[in-house]
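# Descriptive structure summary
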Amino acid sequence: MAAPGENLRINSDRLWDSLMEMAKIGPGIAGGNNRQTLTDADGEGRRLFKRWCDEAGLEMGVDQMGTMFARREGTDPDALPVYVGSHLDTQPTGGKFDGVLGVLGGLEVMRTLNDLGIKTKHPIVVTNWTNEEGTRFAPAMIASGVFAGMHEQDWAYDRTDRDGKRFGDELERIGWKGDEKVGARKMKAFFELHIEQGPILEDEGIDIGVVTHGQGLWWLQVTLIGREAHTGSTPMPKRRNAGLGLARVTELVHEVAMDYQPDAVGAIGHVEVYPNSRNVIPGKVVFTIDIRTPHANVLAEMRTRIEAGIATIAEALDISAEVEAVGHFEPVAFDEGCVKAVREAAERLGYSHRDIVSGAGHDACWINRVAPTAMVFCPCVDGLSHNEAEEIFPEWAAAGCDVLFHAVVDTAEIVE
Ligand code: HGY
Ligand code: MN
Ligand code: MN
């Protein structure tokens, strides 16, 4: 089947305008976004996306995890659809492009096909996966995880945020709990366009990242219990200081990650200190360790070393420690056929490209377990993401979306 000509490009201005329009919903305090999952802002962003899909003549379906699927018909309605998409939810201090570029880039593919009157054999479906970020409700990629059979739906519904609100209740509250069975949809392939969220492409002056692998991850939620006491009148030897435990575990995570350079990473991003009073020794600290590496054996070793280290620290400080795994996926190798479609699209379009491993997790990491999957990366300024200062250039967004367009349309097979 003839591939689309190298002259076929998406409408860069329309894509950028849509990104800027979506960025107005759930604004942050420093120019980025705070459109956390299942908040009213998320609901507003979903309504805007649905309006745009309606205007593009797409048929919208919503599953029981709230994931949105907007379908453009193919000439063969029985042919397995090609899926494309990402997520519209953001971090509390998120950027305008993480996830959003993949959803609105998928919509731009549809809009361009409509403009050109192109018909494909396979239907194409653009997707907004619920709660990719995992910041309000852990774990990340929870909806794509249920879709891929990695999490039970009722377990996902029972996840609570720090105010004790349930995922299932919040999904109903914002009015986006669909009736489709999660995972019932079968895919010919899934493609996700995303910003790199790291510095490699920009540093090397490369337009496109052909994502061959995704690194594996553990999120370990740790609860340290000591004893609240007066910060002034309690002698140092008599303290059971959970805050000191947090400090030592933070150092431990860093040291273990540094032992496996250049690939491993580790940090603690979420911390709750109780009672969080200036003159009370912390009696309880709850925090989440995030460790990642592309190597499965190293990921396991890092977790083992960290858990053993926590036990040693707890004993030395006379505090107790509980460790609960709240997020995990093994390193991912994306589908070679789909990766090839991305690489060939970049070559056809004349964009510089290189193979790359994704440092961040993505819905594609789970969907790769149930359908041939690949990702397209574009650079981001200073490699910065999960920061309101996240930035890309319109040309970067357009190049990534052009490659997405060609990879998706190649796979969906142009009929006329
Ligand atoms: O955590 C991640 O890698 C993704 O941004 N949710
Ligand atoms: Mn993302
Ligand atoms: Mn993210």
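For the structure, check the block above.
Residues numbered from 1 in each chain as written. Chains lettered and ligands numbered in written order. Predicted model: local features only at pLDDT ≥ 70, side-chain atom pairs only at ≥ 80, totals over all residues. Heavy atoms only, no water.

## A few points about the packing of aromatic side chains
Applying the stated criterion across every chain, the model contains ten aromatic pairs. Geometrically, the ring pair formed by W129 and F190 is edge-to-face, given 6.1 Å between the ring centres and 80° between the ring planes. Of this pair, W129 sits in the loop between strand 4 (124–128) and helix 4 (142–147) while F190 sits in strand 5 (residues 189–195), and the two are 61 residues apart along the sequence. We note that W129, like F190, is buried. Here the aromatic rings of F329 and W366 are separated by 5.6 Å at their centres, their planes lie at 70°, and the arrangement is edge-to-face. Taken together, the residues span a long stretch of sequence, with F329 in strand 12 (residues 320–329) and W366 in helix 11 (residues 363–367) at a distance of 37 residues. Look at W366 and you get buried, because its relative accessible area is 4%. Each residue in the set F69, Y83, W129, F147 and F190 is aromatic and connected to the rest through ring pairs, giving one cluster. Lying across the ring of W218, R303 places its NZ or CZ 4.1 Å from the centre. (Phe/Tyr/Trp six-rings, centres within 6.5 Å; stacked < 30°, edge-to-face > 60°. Helix = DSSP H or I, 4+ residues; strand = E, 2+ residues; numbered from the N terminus. Buried < 20%, exposed > 50% of the residue type's maximum accessible area, 1.4 Å probe, protein only. Lys NZ or Arg CZ within 6 Å of the ring centre and 35° of its normal.)

## Some words on the site of ligand 1
Taken together, E132, E133, A140, W219, R292, A360, G361 and H386 make up the full set of residues near ligand 1. Between ligand 1 and E132 there is a distance of 3.0 Å, counted from a nitrogen atom to a side-chain nitrogen or oxygen. One of the side-chain nitrogen or oxygen atoms of H386 is found 3.2 Å away from an oxygen atom of ligand 1. For ligand 1, whose accessible area on its own is 210 Å², the fraction buried by protein is 94%. Per-class residue counts for the shell around ligand 1 are three nonpolar, two polar and three charged. (Near = heavy atom within 4 Å. Polar contact = N/O pair within 3.5 Å; in protein donor to acceptor, adjacent residues only side chain to side chain. Areas by Shrake-Rupley, 256 points an atom, 1.4 Å probe, with all protein chains shown as cover. Nonpolar A, V, L, I, M, F, W, Y, C, P; charged D, E, K, R; others polar.)

## Details of the coordination of the manganese ion (ligand 2)
The protein atoms that coordinate the manganese ion (ligand 2) are H87 (NE2), D98 (OD) and H194 (NE2), at distances of 2.1 to 2.3 Å. Spacing between the donor residues of the manganese ion (ligand 2) along the chain follows H-x10-D-x95-H. Separating the manganese ion (ligand 2) from the manganese ion (ligand 3) is a gap of 3.5 Å, which D98 spans by donating to each of them. Of this pair, D98 sits in the loop between strand 3 (82–86) and helix 3 (100–116) while H194 sits in strand 5, and the two are 96 residues apart along the sequence. Residue classification places D98 among the buried residues on the basis of a relative accessible area of 5%. (Donors = N, O, S within 2.8 Å, 3.2 Å for Na, K, Ca; no water.)

## Examining the coordination of the manganese ion (ligand 3)
D98 (OD), E133 (OE), E133 (OE) and H386 (NE2) make up the full set of protein donors to the manganese ion (ligand 3), lying at 2.1 to 2.5 Å. Between consecutive donor residues of the manganese ion (ligand 3), the sequence gaps follow D-x34-E-x252-H.

## Description of the side chain of R159
Its place among the elements puts R159 in the loop between helix 5 (153–157) and helix 6 (167–173). At 4.8 Å, E324 is the nearest oppositely charged side chain to R159, a buried residue that forms no salt bridge. Of the polar contacts made by the side chain of R159, one reaches the backbone oxygen of A138; its length is 2.7 Å. Discounting chain neighbours no more than four positions away, the residues touching R159 are F137, A138, P139, I142, K165, R166, F167 and V326. (Lys, Arg positive; Asp, Glu negative; His and termini not counted. Salt bridge = Lys/Arg side-chain N within 4 Å of Asp/Glu carboxyl O. Contact = heavy atoms within 4.5 Å.)

## Section: the side chain of H151
Within the element layout of this structure, H151 appears in the loop between helix 4 and helix 5. Assessed through its relative accessible area of 16%, H151 is described here as buried. Apart from residues no more than four positions distant in its own chain, H151 is found in contact with P139, I142, G145, V146 and W366.

## As for the sheet that holds strand 11 (residues 284–293)
Spatially, 9-11-7-12 is the arrangement adopted by the four strands of the open sheet, whose pairing is antiparallel. Unpaired on one side and paired on the other, strand 9 (265–274) and strand 12 mark the two borders of the sheet. The average angle at which neighbouring strand axes cross in this sheet is 15°, direction not considered. The pairing of strand 9 with strand 11 spans nine bridges and is classified as antiparallel. Paired with H270 across the bridge in strand 11 is T288. Together, strand 7 (216–225), strand 9, strand 11 and strand 12 form the strand contacts of helix 9 (residues 296–317), whose direction differs from that of strand 11 by roughly 155°. (Pairing = 2+ DSSP bridges. Axes fitted to C-alpha atoms, helices over the stretch in contact; angles between N-to-C directions.)

Just distances and angles here, no functional claims.
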